Amino acid sequence: MPSRELPFPLFDADNHLYETEDAFTRHLPEQYRGAIEYVQVRGRTKIAIRGQISEYIPNPTFSKVARPGAQEDYFKHGNPEGKSYREIVGKPIESIPAFREPGPRLELMDEQGIARSLMFPTLASLLEERMRDDPELTHAAVHALNQWLNEVWSFNYKDRIFTAPVITLPIVEEAVKELEWCLERGARVVLVRPAPAYGVRGPRSMALPEFDPFWRLVQESGTLVAFHSSDSGYQRYAADWEGAQREYLPFQLQPFREIGQWRAIEDTVASLICHGCLSRFPELKIATIETGSSWVGPLLEKLAVTYKKMPQGFQEHPVEQMRRLIHVSPFIEDDMAALADLLGIDRVLFGSDFPHPEGKADPITYVDDLAALPDEAKAKIMGGNLSRLLPV
């Protein structure tokens, strides 16, 4: 039984699955065999991308995982004792079928009181950055993953679990082809990395007219684009200051990196607006997931100042455009009422990040953080807004 009885259905914008070891390799074309491998390092299994061992996820097999919600207190109340990540998270637990398969997950959602959810992969967020100088491999690896996701989870499981295939954008024609493939198999939401697209000539914004064929299909199909927290490559900029190139490690506490942690999503949304994508396609459905909301206010201020100086650079007021088209799923520690004041109550989405340690152990308790809001606003945040974006 759910720990709360609510008078409205819940639609969780941020649930995760844990990939099996063959998720990236089962359908990988023969010519790319060896580009993704699991290897043994001092008795521990690690993932290697193009021969480079990654520590991005300490245990990429997910046989043992961090306890769901283990960091909830840390994010809400801080870390006054200066505990290490291991001390905060505690002992890992055995992975359960509900983290791996849609049937058991649906049973768990019933126990949690969740009517519907968006479902995102976990380890997939390391792929694109580690393949950025090989666009063909990137597209092949992403398609292999999407084949696995469709085969194991499906993109629409009983109109309740909406698994998000990944769309990578280095080669526009391939991105359109991939989106068409996913739509043919029932995809309602797609996962796009908040980062420049790396093509054969290097990086460039996904909001440039070159990508219009992709965005046109997104708009025509009514697909929700979720920009989910990922390895966006911004570790390179931190390295310029720290004097050493290191792999982005999301579970290591690094103060300097933390300061600019959400620049990637801020830059992504700014690009969509400033490069005219949202003006050319004014009916896009855009959601930012697991990137918090601390960047929203500063970006709105920058857009307002920029518009004041050069209104001729925009087809409409950028602040109004952002408030109309950008939906945000804030962190559990964020001020929901303040975000609602900035963007409007219709643009705030409940996301638990279950079963990750950063999120909610009991997703439905998210409503307790909305105590200051009226019941109508709670209903919108906890599911109504996402149901509008993804109607059944």
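Summary of the structure given here. The shown structure was predicted, so the numbers you read here are calculated from the model rather than taken from an experiment.

Calculation notes
- Residues numbered from 1 in each chain as written.
- Predicted model: local features only at pLDDT ≥ 70, side-chain atom pairs only at ≥ 80, totals over all residues.
- Heavy atoms only, no water.
- Axes fitted to C-alpha atoms, helices over the stretch in contact; angles between N-to-C directions.
- Helix = DSSP H or I, 4+ residues; strand = E, 2+ residues; numbered from the N terminus.
- Parallel < 35°, antiparallel > 145°, perpendicular 65-115°, else oblique.
- Contact = heavy atoms within 4.5 Å.
- Nonpolar A, V, L, I, M, F, W, Y, C, P; charged D, E, K, R; others polar.
- Pairing = 2+ DSSP bridges.
- Buried < 20%, exposed > 50% of the residue type's maximum accessible area, 1.4 Å probe, protein only.

Another aspect to go through is the packing of helix α5 (residues 172–184) against helix α6 (residues 212–221). Two numbers describe how α5 lies on α6: the axes approach to 8 Å, and their chain directions differ by 20°. On the basis of their axis angle, the class for α5 and α6 is roughly parallel. For the pair α5 and α6, the contacting residues are V172, A175, V176, L179, E180 and L183 in the first and P213, F214, L217, V218 and S221 in the second. Of the residues that constitute the contact of α5 with α6, the class distribution is 9 nonpolar, 1 polar and 1 charged.

Once that is clear, we can look at the sheet that holds strand β8 (residues 161–163). Overall, parallel pairing links the 3 strands, which are arranged β1-β7-β8 in an open sheet. The strands lining the two open edges of the sheet, one partner per strand, are β1 (11–16) and β8. Shown here is a sheet whose adjacent strand axes are inclined to one another by a mean of 25°, direction ignored. Summarising the sheet, β1 and strand β7 (residues 116–120) pair through 4 bridges and their orientation is parallel. Across the sheet, residue H16 finds its bridge partner in β7, namely F120. Most of the contacts of helix α14 (residues 375–389) go to β1, to which it runs at about 90°, and overall it touches β1 and β7.

Across the 6 residues of strand β3 (residues 44–49), 5 count as buried, placing the element largely inside the fold. Bridging between strand β2 (residues 36–41) and β3 involves 6 bridges; their strand directions are antiparallel. Within β3, the residue paired with Y38 across the bridge is I47. Hairpin remark: β2 followed by β3, antiparallel, with 2 residues in the connecting loop; positive phi at R42, about 50°. Note: β3 against strand β4 (residues 52–54), 3 bridges, orientation antiparallel. If you follow I47 over to β4, its bridge partner there is S54. Here β3 folds back onto β4, and the loop between the two strands holds 2 residues, one of which, R50, carries a positive phi near 55°.

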